[in-house]
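# A structural walkthrough
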Number of protein chains: 4
Amino acid sequence: MEKTKLIIDCDAGIDDMQAIMLALSRQEAEVLAITCVNGNTNVDNVCRNVLRVLSVCNRMDIPVYKGCTKALVDHGKNAEFFHGRDGLSDLDDHPEVDLDSIQTEHASCAINRIVNESQGDITLIGIGPLTNIAVAIRLNPDLGKRLKKCVIMGGNTEGQGNIEDGSAAEFNFHCDPEAAYMVLHELSCPIIAFSWEAVLKHHYSWDWLRKILEIKTTKAIFHSYVLRTLLDKHNEWRLPGFMLCDPTAVAIALHETIVTKSRDVFATVELHGRLSRGQMISNNRHKPNVTLAQEIDTDIMMKLISNVFKEES
Amino acid sequence: MEKTKLIIDCDAGIDDMQAIMLALSRQEAEVLAITCVNGNTNVDNVCRNVLRVLSVCNRMDIPVYKGCTKALVDHGKNAEFFHGRDGLSDLDDHPEVDLDSIQTEHASCAINRIVNESQGDITLIGIGPLTNIAVAIRLNPDLGKRLKKCVIMGGNTEGQGNIEDGSAAEFNFHCDPEAAYMVLHELSCPIIAFSWEAVLKHHYSWDWLRKILEIKTTKAIFHSYVLRTLLDKHNEWRLPGFMLCDPTAVAIALHETIVTKSRDVFATVELHGRLSRGQMISNNRHKPNVTLAQEIDTDIMMKLISNVFKEES
Amino acid sequence: MEKTKLIIDCDAGIDDMQAIMLALSRQEAEVLAITCVNGNTNVDNVCRNVLRVLSVCNRMDIPVYKGCTKALVDHGKNAEFFHGRDGLSDLDDHPEVDLDSIQTEHASCAINRIVNESQGDITLIGIGPLTNIAVAIRLNPDLGKRLKKCVIMGGNTEGQGNIEDGSAAEFNFHCDPEAAYMVLHELSCPIIAFSWEAVLKHHYSWDWLRKILEIKTTKAIFHSYVLRTLLDKHNEWRLPGFMLCDPTAVAIALHETIVTKSRDVFATVELHGRLSRGQMISNNRHKPNVTLAQEIDTDIMMKLISNVFKEES
Amino acid sequence: MEKTKLIIDCDAGIDDMQAIMLALSRQEAEVLAITCVNGNTNVDNVCRNVLRVLSVCNRMDIPVYKGCTKALVDHGKNAEFFHGRDGLSDLDDHPEVDLDSIQTEHASCAINRIVNESQGDITLIGIGPLTNIAVAIRLNPDLGKRLKKCVIMGGNTEGQGNIEDGSAAEFNFHCDPEAAYMVLHELSCPIIAFSWEAVLKHHYSWDWLRKILEIKTTKAIFHSYVLRTLLDKHNEWRLPGFMLCDPTAVAIALHETIVTKSRDVFATVELHGRLSRGQMISNNRHKPNVTLAQEIDTDIMMKLISNVFKEES
Ligand SMILES: [Ca+2]
Ligand SMILES: [Ca+2]
Ligand SMILES: [Ca+2]
Ligand SMILES: [Ca+2]
């Protein structure tokens, strides 16, 4: 079987954890590297969280790279109100991981090196702010020419924000609008984006989730523990079901047919609004630069997620 | 029968013509004044176009007021590419109207005076850029307190623009973002907005329209002549049906039950973006200041429009 | 003697008080109206403060008009930290003035009416945010054609702000950037601006001021009382001398020769910056629309101010 | 003699040529690297121009690094109207240089590597848009901690722009406002900036320049040829004297005492204005992060420049 080669650029983050676990659970995936970026929490927390996930999955062989400590234009925001002080639901009692196992090469340099050494067959998955990828582009304008494709969790299609202050922007784009702008305008390989509004349109039933949370494999127990705080928030917000952000990007990267409806558009990023800074704005008038995944086969998605936790790795 | 008292602030404009004709055709409506604002075309053209419509409808008794010649922040744009050089499909051969019949009072002053003289029972309809209404508010912060309600054609709910340059804003709001901001934040009476995306979701069949265009009353012949250029554009753009913008605002003002689905939100206007200047941005976190009309009973709408043209006035 | 006819649009304010007192002290000036605008404090305070000053000067015959209660784009800021809670150093013990003596006509309407009734010989002085004048322009685009000139206290020439938050804008322009933009772009009569940097370059000695503060006429006693808090602030800020903002605009309006150095430039206003919103930006490339008063004859200025307080009015 | 170790980041550019020539002419300077960035012209032209200058100076031993091909937010502008199509007055007949002598390491990586290998004794000179340095900071947040200081040609102190479109920003900052923002906020070593207004305040006499242009050393002949077009422009603009931009930054780096007046301020960059995007905005309220060089000893400066051309290298 031809494996799909992946680099996952993440800001783990609870759903980044799910995304990584999903990627590691698939025989058809080969995770070449995980690169870490400031976002949901600071990049040192992100590195530690990735190592925690790799440790739980017995995959400490995968190289982890530390990347940018700030967005291009620093703003000091994060999403720790949602993901916890450590970015992963405050795993204070979890055994410490060995931070020395982080590679010394910078994430952006590593992305360029690995892609340059490849046969043009790598899929880059961006599930955090796109700072690392943007810096990689400035170091190497030809990055996109040697990528198979890029799958992004982020951006908007209908101006619906998920930032607390009434912004019209999605978190990953809002965190580094300039980086998102650079990626959309310059990465030049096929880009598939799973937008915030697409997330909102796919709810997964609480019953389904509950079954997963009751599984007693090591991975499932870790996953359940991390999700405990999230469920309270979903309850409080009276959401009609659970939402899957970052793992959907991994699923799309591995099985593009999971996308049952999509649209090719020209998309850019508003850099200058007060409420719309970071909003993705698309139109049909210019040459398309991104495929918006609009609908996902949730049955397949549920199977993919359920399979992650069934057996010990 | 209790009549609904209306002031119509417009930038006529092809669909403003339809809106005025609809209002004049209804027994349940009493049009107290038509106020003119720069928008689709310059305000002098707007005044002339309104007089043309009133003339065709034999309603030269309705006072017409000239208002602002520019948006608060002047930009020099209009929509003459769509509405014609004169704002009404280039009615060069149409008999001249008597521009001296325009009132000398400024539109914004007239709105304030008429509303102040009323019993608080006036519905203000804004189907152009909101400059006149914004200036009225600065002259009289209590304007909204003496209005029954305000119905607006304009704004966005999903960041879909209708400006040629890839902007995420709807034309009326884009033409005067500061005015739209002032109206949403300060008018303080019930505001109902029929957004651009709501327009896009309601198409009217070409067969239905064709029948209207074939009617041979004076009003219908005038209407058909004005629409001739529009139909070419709709063809060119391969639209699935005809769209009704401004007349829907009048219909909502007269029969709020025509709105079959709506949502109360807090809405504001982005003033500072490059692509999103003028975009309406809404959220559920703040106290609602506007009702978004999302779905319209198109059967009733079609009956209302058809009725306009059936008989001579 | 031909008198210079003045309309003073102000947001009194401590230095607005000085400006009004200066105008009233001059035989060569005829103050036709004082119009009030939101700025240093809310417009009701401004009206009251103007009446207080007129009362102290025995000039209750001058009509006072209330204008806009907010900037075009409301922001909720004022300068009460500097001018006191009431905008005039907290004159709590001062005898109440009769607010019913405020005219019922809106300031912007009054400006237009008085100018239209004139022989084109009126000088408009703007020493507050320019909201009233901007609204007057939207009501009457020809306002400037019937003005002799307009003298403004406000704007920047070197990006030096006087707002607390590190902004590069001067207070009056910062308070209503859109209004300042409208006035500069559309008022079309000769405009003279005394910018914040020009203020900074003219310091008046503490000794000179101390003598004025010791005068015992009614006006001087009132003036001294109002200035008591200001002097503390000047001390705290270690300013090399006293600064005269608004009264300099009046002096320029009455005696243009007091300007010993000036420059004609094209000036506009930045509306969209985060730190520079409201900054006046000028260049030599476009057709000049404003004369920047750069240097003032401070000897004449001191004589003018000293004369205000010498005799009882 | 202790030599001052320099890395020169440039966008050569006519005055970058002068800056490099000045640095190479000084015994007290050791140029460790020249790094190239998109700015006056595209980065490939910049690389070629640097090699041309090194070749003329017989210093092909100095390593040259190619950096960013675009600003962080790409805009497609350059200054070829001033510096020529090739960025160096269209040296079409000049012997071709060997572009293979450009190092393969990216400029931003090279800056970090060289600084990391140093004893903290390197002065970084930025005389182009600051993109390379900004990317270096994102790769290595500690860059500034290991720098002795950084001297920048760029930014504003009085809102006077040198961009053709009436902007209030200086070219280098205007070309990459986000990069300038990152450098000012994050480089954390002593930063000295020679602003555009400081340039404007120092004119060098035409007589002095004429003598230099008549020298017949190889370097002087090359320099004269490159300057031929510039002199026409200075004539056309009726400038009172010649201006020295980039070489002044080198002079400051080597002899800080050449600065006879300076001011420590907090400076940041406006990222969002329409006319002020890229404007440096400073105040005295926050902790200083930059020293503004306000006045320069022009006698010393003239001696330094004259010396460059006197003898063959
Ligand atoms: Ca994430
Ligand atoms: Ca309209
Ligand atoms: Ca004032
Ligand atoms: Ca340069």
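Looking up chain A in an unreviewed UniProt entry gives the name Inosine-uridine preferring nucleoside hydrolase-like isoform X3, with the organism given as Crassostrea virginica. The annotation that UniProt attaches to chain A under Sequence similarities (unreviewed entry) is "Belongs to the IUNH family."

## Things to note about the relation of the copies chain B and chain C
Taken as rigid bodies, chain B and chain C are interconverted by a rotation of 180° and an axial shift of 0.0 Å, the fit giving an RMSD of 0.0 Å. The superposition of one copy onto the other is thereby described by a two-fold rotation axis. Every residue of chain B has its C-alpha some distance from the rotation axis, and the shortest such distance is that of B:His272, at 2.7 Å. Mapped onto chain C, 95% of the interface residues of chain B again fall at the interface, so both copies present the same surface.

## Describing the coordination of the calcium ion (ligand 1)
Residues and elements named next belong to chain A. Ligation of the calcium ion (ligand 1) by protein atoms is provided by Asp 11 (OD), Asp 16 (OD), Asp 16 (OD), Ile 127 (O) and Asp 246 (OD), these donors lying 2.2 to 2.5 Å from the ion. Coordination of the calcium ion (ligand 1) draws on donor residues from a single chain, spaced D-x4-D-x110-I-x118-D in sequence. You can see Asp 11 sitting in the loop between strand 1 (4-10) and helix 1 (14-25) and its partner Ile 127 sitting in the loop between strand 4 (122-126) and helix 5 (131-139), a full 116 residues away along the chain. Overall, the relative accessible area of 1% leaves Ile 127 in the buried class.

## Things to note about the interface of chain B and chain C
Taken together, the contact between chain B and chain C spans 22 residues of the former and 21 residues of the latter. Summed over both sides, the interface of chain B with chain C buries roughly 1,800 Å², with 66% coming from carbon and sulfur. Where chain B touches chain C, the interface holds 2 salt bridges. B:Glu186 serves as the salt-bridge partner of C:Lys70, at 3.9 Å between the closest nitrogen and oxygen. If you look at where chain B meets chain C, you find 11 residue pairs in polar contact (both at pLDDT 80 or more). Where the side of chain B that touches chain C is concerned, the elements lending two or more residues are helix 4 (107-117), helix 5 (131-139) and helix 7 (177-186) of chain B. Of the residues belonging to the side of chain B that touches chain C, the class tally is 11 nonpolar, 5 polar and 6 charged.

## Some thoughts on a positive patch on the surface
On the surface, A:Lys77, A:Arg274, C:Lys77 and C:Arg274 cluster together into a patch of positive charge. Take A:Lys77: it is sitting in the loop between strand 3 (64-66) and helix 3 (80-83). By relative accessible area, A:Lys77 is classed as partly exposed at 38%.

## A short note on the interface of chain B and chain D
Opposite the 4 residues of chain B that make contact, chain D presents 4 residues. For the pairing of chain B and chain D, the buried interface totals around 250 Å² over both sides, and the portion due to carbon and sulfur atoms is 27%. Linking chain B to chain D there are 0 salt bridges. Where chain B packs against chain D, one counts 2 residue pairs in polar contact (both at pLDDT 80 or more).

## Some remarks on the sheet that holds strand 9 (residues 290-296) of chain A
Residues and elements named next belong to chain A. Spatial ordering of the open sheet is given by 3-2-1-4-5-6-9-7-8, a layout of 9 strands whose pairing is mixed. Of all the strands in the sheet, the pair left with one neighbour each is strand 3 and strand 8 (280-283). Across the sheet, the axes of successive neighbouring strands diverge by a mean angle of 30°, strand direction being ignored. Sheet topology note: the strand 1/strand 2 (residues 29-36) ladder contains 7 bridges and is parallel. Looking across to strand 2, one finds that Lys 5 is bridged to Glu 30.

## Digging into the sheet that holds strand 6 (residues 191-194) of chain B
Residue and element names in this part refer to chain B. Pairing is mixed across the open sheet formed by 9 strands, whose spatial order is 3-2-1-4-5-6-9-7-8. Pairing within the sheet leaves two strands with one partner each, and these edge strands are strand 3 (64-66) and strand 8 (280-283). Adjacent strand axes in the sheet meet at a mean angle of 30°, parallel and antiparallel pairs treated alike. In the sheet, strand 7 (residues 259-269) pairs with strand 9 (residues 290-296) via 6 bridges, with the strands oriented antiparallel. Among the inter-strand pairings, Val 259 is bridged to a residue of strand 9, identified as Ile 296.

## Overview of the nonpolar core
In terms of nonpolar packing, the biggest core is built from 87 residues, with B:Leu143, B:Leu187, C:Ile7 and C:Leu187 touching the most fellow members. Beyond its immediate chain neighbours, meaning those up to four positions away, C:Leu187 contacts C:Ile133, C:Ile137, C:Leu143, C:Gly144, C:Leu147, C:Cys150 and C:Met182. A:Tyr65, A:Cys150, D:Ile111 and D:Ala136 belong to the second largest nonpolar core, which has 86 residues in total.

## Some remarks on the packing of helix 1 of chain A against helix 10 (residues 218-236) of chain A
Residue and element names in this part refer to chain A. Packing of helix 1 against helix 10 leaves a shortest axis separation of 10 Å and a crossing angle of 155°. As the angle between them shows, helix 1 and helix 10 are arranged roughly antiparallel. Two packed elements cross with a definite hand, and for helix 1 against helix 10 that hand is left-handed. For the pair formed by helix 1 and helix 10, the contact residues are Ile 14, Met 17, Gln 18 and Met 21 on the first element and Lys 219, Phe 222, His 223, Val 226, Leu 227 and Leu 230 on the second. When the residues that make up the contact of helix 1 with helix 10 are grouped by side-chain class, the tally is 7 nonpolar, 2 polar and 1 charged.

## Quick notes on the pairing of strand 5 (residues 147-153) of chain C
Residue and element names in this part refer to chain C. In terms of burial, strand 5 is largely enclosed, as 6 of its 7 residues are buried. With 5 bridges connecting them, strand 4 (residues 122-126) and strand 5 associate as parallel partners. Opposite Thr 123, over in strand 5, you have Lys 149 as the bridge partner. For the crossover from strand 4 across helix 5 (residues 131-139) to strand 5, the handedness is right-handed. Inspection of the sheet shows strand 5 paired to strand 6 (residues 191-194) by 4 bridges, in the parallel sense. Within the sheet, the bridge partner assigned to Cys 150 lies in strand 6 and is Ile 191.

## Re the packing of aromatic side chains
Where two aromatic rings form a pair, the distance of their centres and the angle of their planes describe that pair. Applying the stated criterion across every chain, the model contains 12 aromatic pairs over all chains. Measuring from ring centre to ring centre gives 6.4 Å for A:Trp206 and A:Phe242, while their planes differ by 65°; the resulting arrangement is edge-to-face. Here the residue A:Trp206 occupies a position in helix 9 (residues 206-214), and A:Phe242 occupies one in the loop between helix 10 and helix 11 (246-254), the gap between them amounting to 36 residues. By relative accessible area, which is 23% here, A:Trp206 ends up partly exposed. A:Phe242 sits in the buried class, given a relative accessible area of 1%. Its guanidinium or amino end placed over the ring of B:Tyr225, B:Arg228 lies 3.9 Å from that ring's centre, counting from NZ or CZ.

## A look at the coordination of the calcium ion (ligand 4)
Residue and element names in this part refer to chain D. Looking at the calcium ion (ligand 4), the protein donor atoms are Asp 11 (OD), Asp 16 (OD), Asp 16 (OD), Ile 127 (O) and Asp 246 (OD), and they sit 2.2 to 2.6 Å from it. Each donor residue of the calcium ion (ligand 4) belongs to the same chain, with the gaps between them written as D-x4-D-x110-I-x118-D. A residue pair is termed long-range when its members are at least 10 positions apart, and Asp 16 in helix 1 (residues 14-25) and Ile 127 in the loop between strand 4 (122-126) and helix 5 (131-139) qualify at 111 residues. Looking at Asp 16, the relative accessible area reads 0%, which means it is buried.

## Remarks on the pattern of salt bridges
A side chain with one charge can pair with a side chain of the opposite charge if their charged atoms come near. If you walk through the whole model with that rule in mind, you get 72 salt bridges over all chains. With its nearest N and O atoms 3.1 Å apart, the salt bridge here joins B:Asp121 to B:Lys5. Pair noted here: B:Asp121 is in the loop between helix 4 and strand 4 (122-126) and B:Lys5 is in strand 1 (residues 4-10), with a separation of 116 residues, a long-range link. Linking C:Glu178 and C:Arg277 is a salt bridge whose minimum nitrogen-to-oxygen distance equals 2.9 Å. Of this pair, C:Glu178 sits in helix 7 (residues 177-186) while C:Arg277 sits in the loop between strand 9 (259-269) and strand 10 (280-283); the two residues are 99 residues apart in sequence, bridging distant segments of the chain. Exposure remark for C:Arg277: the relative accessible area of 13% places this residue in the buried category. Each member of the salt-bridge network shares a partner with another, and the members are A:Lys70, A:Asp74, D:Arg138 and D:Glu186.

## Some remarks on the environment of A:Ile215
Residues and elements named next belong to chain A. Relative to the elements of secondary structure, Ile 215 occurs in the loop between helix 9 and helix 10. Separated by 69 residues in the primary sequence, Ile 215 and Asn 284 place their C-alpha atoms 46 Å from one another. Aside from chain neighbours lying at most four places away, what touches Ile 215 is Ala 220, Ile 221 and Phe 309.

## Brief notes about unusual backbone geometry
Here the amide bond leading from B:Ala12 into B:Gly13 is cis, since omega sits at -15°, within 30 degrees of zero. Positioned with a positive phi, D:Asp90 is a non-glycine residue whose angle comes to about 60°. Position of D:Asp90 relative to the elements: it lies in the loop between helix 3 (80-83) and helix 4 (107-117).

## Let's talk about helix 11 (residues 246-254) of chain C
With 9 of its 9 residues buried, helix 11 of chain C lies for the most part within the structure. Taken together, the buried positions of helix 11 of chain C are C:Asp246, C:Pro247, C:Thr248, C:Ala249, C:Val250, C:Ala251, C:Ile252, C:Ala253 and C:Leu254.

Thresholds applied
- Sequence order sets the numbering: in each chain, residues are counted from 1 along the sequence as written.
- The naming scheme follows written order: chains are lettered A onward, ligands numbered 1 onward.
- Residue-level local features of this predicted model are given only where pLDDT is at least 70; pairs of side-chain atoms are given and counted only at 80 or more, and the full residue set underlies all totals for whole chains, interfaces and linings.
- To obtain the side-chain values, all non-hydrogen atoms of the structure were used and water was disregarded.
- UniProt positions are given in the numbering used here, feature names are shortened, and annotations may be inferred rather than shown by experiment.
- When the copies are superposed, the least-squares fit draws on C-alpha atoms of residues that have pLDDT of at least 70 in both.
- By the convention used here, residues are in contact when the closest approach between their heavy atoms is within 4.5 Å.
- We call an atom a donor if it is N, O or S and sits within 2.8 Å of the metal, or 3.2 Å for Na, K and Ca. Water is not counted, so some sites may look partial.
- To qualify as a helix, a DSSP run of H or I must reach at least 4 residues; to qualify as a strand, a run of E must reach at least 2; elements of each kind are numbered from the N terminus.
- Exposure is judged per residue with a 1.4 Å probe applied to protein chains only, and the accessible area is read against the type maximum: over 50% gives exposed, under 20% gives buried, and values in between give partly exposed.
- When two parts are brought into contact, each loses some accessible area as probed by a 1.4 Å sphere; the total of that loss over both is the buried area.
- Basic side-chain nitrogens of Lys or Arg form a salt bridge, by our definition, when they fall within 4 Å of a carboxyl oxygen of Asp or Glu.
- Whenever two N or O atoms come within 3.5 Å, that pair is a polar contact, provided that in protein one can donate a hydrogen and the other can accept it, and provided that, for residues adjacent in sequence, both atoms are side-chain atoms.
- Ten residue types, Ala, Val, Leu, Ile, Met, Phe, Trp, Tyr, Cys and Pro, are classed as nonpolar, four, Asp, Glu, Lys and Arg, as charged, and the remainder, Gly among them, as polar.
- Note on patches: the residues involved have over 30% relative accessible area and no salt bridge, like charges join within 9 Å, and the nonpolar side chains Val, Leu, Ile, Met, Phe, Trp and Tyr join within 5 Å.
- What sets the accessible areas is the Shrake-Rupley method with a 1.4 Å probe; for residues, cover comes only from the shown protein chains.
- For the purpose of charge, His is not counted, nor are the chain termini; Lys and Arg are scored as positive and Asp and Glu as negative.
- Taken as the charge location is NZ of Lys, CZ of Arg, CG of Asp or CD of Glu.
- A pair of strands counts as paired when DSSP detects no fewer than two bridges linking them.
- Orientation is described by lines fitted to C-alpha atoms, with helices fitted over the stretch in contact, and by angles between N-to-C directions that extend from 0 to 180 degrees.
- Residues belong to a common nonpolar core when they are buried Ala, Val, Leu, Ile, Met, Phe, Trp, Tyr or Cys residues joined through side-chain atoms within 4.5 Å.
- Just so you know how the angles are binned, under 35 degrees is roughly parallel, over 145 roughly antiparallel, 65 to 115 roughly perpendicular, and the rest oblique.
- Left-handed describes a crossing in which the near helix is turned anticlockwise from the far one by less than a right angle; the clockwise case is right-handed.
- Note on handedness: a clockwise path from strand one over the helix to strand two, with the strands aimed away from the viewer, defines a right-handed crossover.
- Centres within 6.5 Å are what make two rings of Phe, Tyr or Trp a pair, Trp counting through its six-membered ring; a difference in plane orientation under 30 degrees is then read as stacked, over 60 as edge-to-face, and the rest as tilted.
- For a ring to carry a charge above it, either NZ of a lysine or CZ of an arginine must fall within 6 Å of the ring centroid while also lying within 35 degrees of the normal to the ring plane.

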